[in-house]
Amino acid sequence: MSTTEGYMCFPAQTWHKVLSKVKKALVFMDDKCAESLHWNGGAATLFEAGARNLKQLSSFEAGGENEPKAVFVVSTLLKGRTADIIKDIISLSHFQYCVVFTAVTHSIHLLANNVTAEMEGSPVFEQFEDKLCEWMGDMNYTAEVMHAPVVFAPLSHHLLLAPSFANVFPLLPPDLDALNAKRPEKKKLNSLNDADMNSLPPELQIQIKSLASAINSMFEATNTREESFAVGPMSRLIAGELSNHPQSKNRRKTAPNKSSIVFIDRTMDLTGAVGHHGDNLAEKILTVLPPLPGHVTDVQVDMLELTSLQRTPDSHTTLAPGCLAQPQSSTARSLWEAMLTNKQKEGVMEVRRQLVEAASKENLPIKMSLGRVTPEQLCSYVQLFKSSLEALESHCGVLQLGLATAQTLRHPGLPRWDACLAFERLLLQSLGDSDLPGVLRQLLPLMKPRGGGGDDSAPGARAGEDECGPDELLLLLIYLYSLAGEAQPGDDDGREEVEVEKLERELIGALTLVLTREAELSPLLQKLTGCASPQELTTQRAHSAAEAVFETLRGLSHSRDHLKQLRSVYRASDGVHQARYRPFLKQVLEEVFDPDRAECPDIEHMSGGLTDLLKTGFSMFMKVSRPHPGDHPLLFLFLVGGVTPSELRLIREVVAAHKPGTQVLVLSTRLLRPSDIPELLFTTQRLVPDIGV
């Protein structure tokens, strides 16, 4: 398979098994599976296959008396919370036939039930079938339980996301302390690189094995023979698990389609993830528009301008929102692709071009205008379609993307993007001239409550829309600490360390004041502090939250310390060029496509068996070529912890410049907006993820 086409079809194929069972059924689905379906044709595919209705997997839902068949689609293990919800729904309904699909394989169900021996058949699934009959009230009723890897969502021709694993994030040094706290003195881990699967909590083991299993299912379906490589501790664990997967070993002996897969930890470079230097339309849409409920990636698009409704405080509850996913329309899909991978100006111009083209096809009275594209202009084009229901239906996908663009360009929060970019550029220049204490001192004046924070200002008063609030200050801190190792070394290391500690205490105090003076807590601050309102937030709780933030940041500053070659993501000013950020991903790709084929010590090949180990061993003494990620015409890049739209464009540009014939498919756990990173860093249980048990 020389192109990525077969891989992009795989996510939809995983749903065929589900679709074959939904005829005349009431379908219950959890949010993660619903998000995968959303990008694989949406609810329409279920209804076309004969489903009666689609409902959220919730204890508050049930079937009616005349609905005897139910299909459940879940992303989790069939135990704990998930099993309780299924039981609640069945108990309140009158089902006689239940089918349950789980995205978790039977072998992982065995592991979760502490069964290590290999067993014939699917005993865990069979036991759950008996439970389903018991809950339905008659053991003669029909129950089926099976595995379907409905994990991936195709966001574009070259990007597959795994919404079920959106909260997977690489471990950091503070997590190492937590791991060591449960180990005997003689078996303490020196670094995260020493961690193996057995040293991890059971929940994280199950999550990693489930992710490796999902990737394996794609390679099985596409007859792929992959070589796995890893950059970073978490990537080593996932790549190792994939290499040692029982099916993987057999497949790699016979599968015809050769490829390389390189796993990269997001924590190797958070500068690119929180930075606002990405000149990308999709990135800004994802940042400023509210998320679609229950979804990690998609957003709500206000559709009011396509109706005759008056805007009122309650109008948003009257009208269903639009979204970015338009799998039914090829024109809208190609427009979304342009918005995702082009520069902002090119993306906006393409939106206008598509709207003009659609209006011309429908003979609508469009007034052409050249020059700068404005949100008002885009809205005027969209509103032309109000007069024709047929035209509106035909071009609904393009119209939703047009409205998303217009609403983003006129969003009041957009000026903060430019304010953050200005501060980031200032920090970038300072790193080349100052030691770390000098750069931290520049942050102190920014750490003030909104509205200036002086005695004359009311708590939480806003001075201007472009003013940085606590969420933006956290982004700047992450940006700086991800680059902390790039600062100029001081004359006296001991004195510098003391000074950094002193400045960090001042920053913690300043951040505590900022948090306590907020008039309203953002969703991030609510998770960070554990408080739903400012009234609950005491100074002590704010101070504890700020201390925890800085502990994580200190760990983040050492995330590249174990690397030998790719340790820097910064190039200082040389007097001619300004200091600039060097994306880690770009450096990895340049190593992969290096024509001299020099081996990069930081891109580690993960052995999948005895043959690979022998090759590696013999290569120390003989001229045996070791596998290289640039060996094959197809390259998978798996970014563990998320990828940004700007990085998608970067990948395309690097491939075009260095090795145009190579097909590159990007896989990741989520499509990142800058605001996702503080949540993943400071509020996510990385070591003990929620696996629904």
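Refer to the structure printed above.
A brief report on the enclosed structure follows. (Residues numbered from 1 in each chain as written. Predicted model: local features only at pLDDT ≥ 70, side-chain atom pairs only at ≥ 80, totals over all residues. Heavy atoms only, no water.)

1. Quick word on the sheet that holds strand β5 (residues 142-147)
And step 1. A sheet is described by the order of its strands in space; here five strands give the open sequence β2-β1-β3-β4-β5, paired in parallel fashion. At either margin of the open sheet sits one strand with a lone partner, and together these are β2 (53-56) and β5. Neighbour-to-neighbour, the strand axes of this sheet turn through a mean angle of 15°, independent of strand direction.
And step 2. Bridge count for strand β3 (residues 69-74) against strand β4 (residues 97-102) is six bridges, and the pairing is parallel. In the sheet register, V73 faces β4, and the bridge partner there is F101.
And step 3. On the sheet, helix α4 (residues 80-91) packs against β1 (26-29), β3 and β4 and is oriented at approximately 165° with respect to β3. (Pairing = 2+ DSSP bridges. Helix = DSSP H or I, 4+ residues; strand = E, 2+ residues; numbered from the N terminus. Axes fitted to C-alpha atoms, helices over the stretch in contact; angles between N-to-C directions. Contact = heavy atoms within 4.5 Å.)

2. Some details on the nonpolar core
And step 1. L637 and I677 are the most contacted members of the largest nonpolar core, which totals 130 residues.
And step 2. The element contributing the most residues to this core is helix α21 (residues 470-482), with nine residues.
And step 3. Residue contacts for L637: discarding those within four places in its chain leaves V262, I264, L585, L589, I651, V664, L665, V666 and L667.
And step 4. Formed by 59 residues, the second largest nonpolar core is a distinct cluster that contains L46, A103, M146 and A148. (Core = buried A, V, L, I, M, F, W, Y, C linked by side-chain atoms within 4.5 Å. Buried < 20%, exposed > 50% of the residue type's maximum accessible area, 1.4 Å probe, protein only.)

3. Things to note about the pattern of salt bridges
And step 1. For the structure shown, the criterion picks out 24 salt bridges.
And step 2. The partner of E357 in a salt bridge is R353, and the shortest N-O contact between them spans 2.8 Å. Residue E357 and its partner R353 are located together in helix α15 (residues 344-361), separated by four residues, close to a single helical turn.
And step 3. Given a relative accessible area of 35%, E357 falls into the partly exposed group.
And step 4. Salt bridges sharing partners connect three or more residues here, namely E220, E226, R251 and R252. (Salt bridge = Lys/Arg side-chain N within 4 Å of Asp/Glu carboxyl O.)

4. What to know about the sheet that holds strand β14 (residues 663-668)
And step 1. As summarised here, the arrangement of the seven strands in space is β6-β7-β14-β13-β9-β8-β12, forming an open sheet in which the pairing is mixed. Edge positions in the sheet fall to β6 (153-156) and β12 (604-605), since each has one partner strand and no second.
And step 2. As defined by bridge partners, strand β8 (residues 224-231) adjoins strand β9 (residues 257-265) across eight bridges and the pair is classed as parallel. The residue of β9 that forms the bridge with R225 is K258.

Read these as layout, nothing more, since geometry by itself doesn't imply function.
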